[in-house]
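# Commentary on secondary and tertiary structure
The primary structure of each chain is shown beneath.
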Amino acid sequence: MTTYLRVMLLLLGALSLGLGVFMLSARRIPRWLPARMHRARWKPLGWSAVFLCAFTVANALPALLQAPAAVQGALILPALGFFAAALILSARSYQPRRAGR
């Protein structure tokens, strides 16, 4: 992966972090997002965006900084954990709420 693509990936992670922090602080989903996202719950979707940012940073930053291979390899497992958490929270945000909530 070229340096340009890694920088673009980090910018995408920064956008994801900004979106997640906005959703968590404003307690709503922005109006400019697609209509399908407005049916989701804001809290799990916001945390999903934050974990997606952590995944992109854990993948792209060590290679961009030319860290040793051991450091890059050690960050694979936390990155996969962040990605799994992002997927699970994103899926939970679109599930209907229970009647008692």
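Okay, so let's go over this structure.

Time to look at unusual backbone geometry. At Arg 27, a position not held by glycine, the phi torsion is positive, near 55°. Checked against the element boundaries, Arg 27 lands in the loop between α1 (3–26) and α2 (42–64). Taking relative accessible area as the criterion, Arg 27 reaches 60% and is therefore assigned exposed. Positive phi outside glycine occurs at Gln 66, with the angle close to 55°. With respect to the helices and strands, the residue Gln 66 is situated in the loop between α2 and α3 (69–74).

This part takes up the nonpolar core. Membership of the largest hydrophobic core is limited to eight residues, which are Leu 19, Met 23, Ile 29, Leu 33, Met 37, Ala 40, Leu 45 and Ala 49. Looking at this core, the elements with two or more residues in it are α1 and α2. With near-sequence residues (within four places) excluded, Ala 49 lies in contact with Ser 16, Leu 17, Gly 20 and Met 23.

Conventions adopted
Residues numbered from 1 in each chain as written. Predicted model: local features only at pLDDT ≥ 70, side-chain atom pairs only at ≥ 80, totals over all residues. Heavy atoms only, no water. Helix = DSSP H or I, 4+ residues; strand = E, 2+ residues; numbered from the N terminus. Buried < 20%, exposed > 50% of the residue type's maximum accessible area, 1.4 Å probe, protein only. Core = buried A, V, L, I, M, F, W, Y, C linked by side-chain atoms within 4.5 Å. Contact = heavy atoms within 4.5 Å.

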